[in-house]
Amino acid sequence: MAFVVGIGLLVLVVEMVLSYGFDLKGTDNPLHWWPQPHGFVYMVYLVATALLGFKVGWSLTRMVLVMLAGCVPFLSFWVERRVAGEVEAGLAAARQ
């Protein structure tokens with residue numbers, strides 16, 4: 001989910017550059033439709049992060065920090081790799 005949100009955030013950045021940098025407003029901007037679906041995808045990411053955090057026993061602070069990583073371009077990719085590695089290691093340790 002973090003990967004999808006990261007890609008969506010990069011598309012949103014392109015939309016904002018087109019809108020504010022090149023003054024393409026409304027339907028002149030080919031990505032004018034993207035902010036609303038991006039917001040929905042981000043909400044799904046928040047729920048997925050909360051569900052994962054509760055299952056693996058993260059603190060509320062850690063959950064919020066992982067959620068906020070979806071707001072910074074490229075940070076979600078780095079956090080996703082780090083968190084996935086930690087969770088996989090924890091699952092492997094629990095299996096033994």
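These figures come from a predicted structure and were not determined experimentally. (Residues numbered from 1 in each chain as written. Predicted model: local features only at pLDDT ≥ 70, side-chain atom pairs only at ≥ 80, totals over all residues. Heavy atoms only, no water.)

Visitor: An account of the packing of aromatic side chains is requested, with residue identities and associated values reported.
Guide: If you walk through the whole model with that rule in mind, you get four aromatic pairs. Taking 5.4 Å as the distance between ring centres and 85° as the angle between the ring planes, the aromatic pair formed by W33 and W34 counts as edge-to-face. What makes W33 partly exposed here is its relative accessible area of 46%. Owing to a relative accessible area of 14%, W34 belongs among the buried residues under this scheme. (Phe/Tyr/Trp six-rings, centres within 6.5 Å; stacked < 30°, edge-to-face > 60°. Buried < 20%, exposed > 50% of the residue type's maximum accessible area, 1.4 Å probe, protein only.)

Visitor: Quick rundown of the packing of helix α1 (residues 2-21) against helix α2 (residues 35-56)? Include the residues and the values.
Guide: Interhelical geometry of α1 versus α2 gives an angle of 155° and a closest axis separation of 10 Å. With respect to their mutual orientation, α1 and α2 come out roughly antiparallel. Crossing geometry of α1 relative to α2 is assigned as left-handed. Where α1 abuts α2, its residues A2, V4, V5, G8, L9, L12 and E15 lie against P35, H38, V41, Y42 and Y45. The residue inventory of the contact of α1 with α2, partitioned by class, reads nine nonpolar, two polar and one charged. (Axes fitted to C-alpha atoms, helices over the stretch in contact; angles between N-to-C directions. Helix = DSSP H or I, 4+ residues; strand = E, 2+ residues; numbered from the N terminus. Parallel < 35°, antiparallel > 145°, perpendicular 65-115°, else oblique. Left-handed = near helix turned anticlockwise from the far one by under 90°. Contact = heavy atoms within 4.5 Å. Nonpolar A, V, L, I, M, F, W, Y, C, P; charged D, E, K, R; others polar.)

Visitor: Go over the confidence of the model for the protein chain with me, naming the residues and quoting the values.
Guide: Taken over all residues, the pLDDT of the protein chain has a mean of 94, while the share at 70 or more is 100%. Per-element confidence in the protein chain ranges from a low mean pLDDT of 92 for helix α4 (residues 75-95) to a high of 96 for α2. (pLDDT = per-residue confidence, 0-100.)

Visitor: Describe in detail the packing of α1 against α4, supporting the description with residues and values.
Guide: Viewed as axis vectors pointing N to C, α1 and α4 meet at an angle of 170°, and their least axial separation amounts to 8 Å. When the axes of α1 and α4 are compared, the pair comes out roughly antiparallel. Taken together, the residues of α4 that come into contact with α1 (itself represented by A2, F3, G6, I7 and L10) are S76, F77 and E80. Here the residues of the contact of α1 with α4 are counted per class, giving five nonpolar, two polar and one charged.

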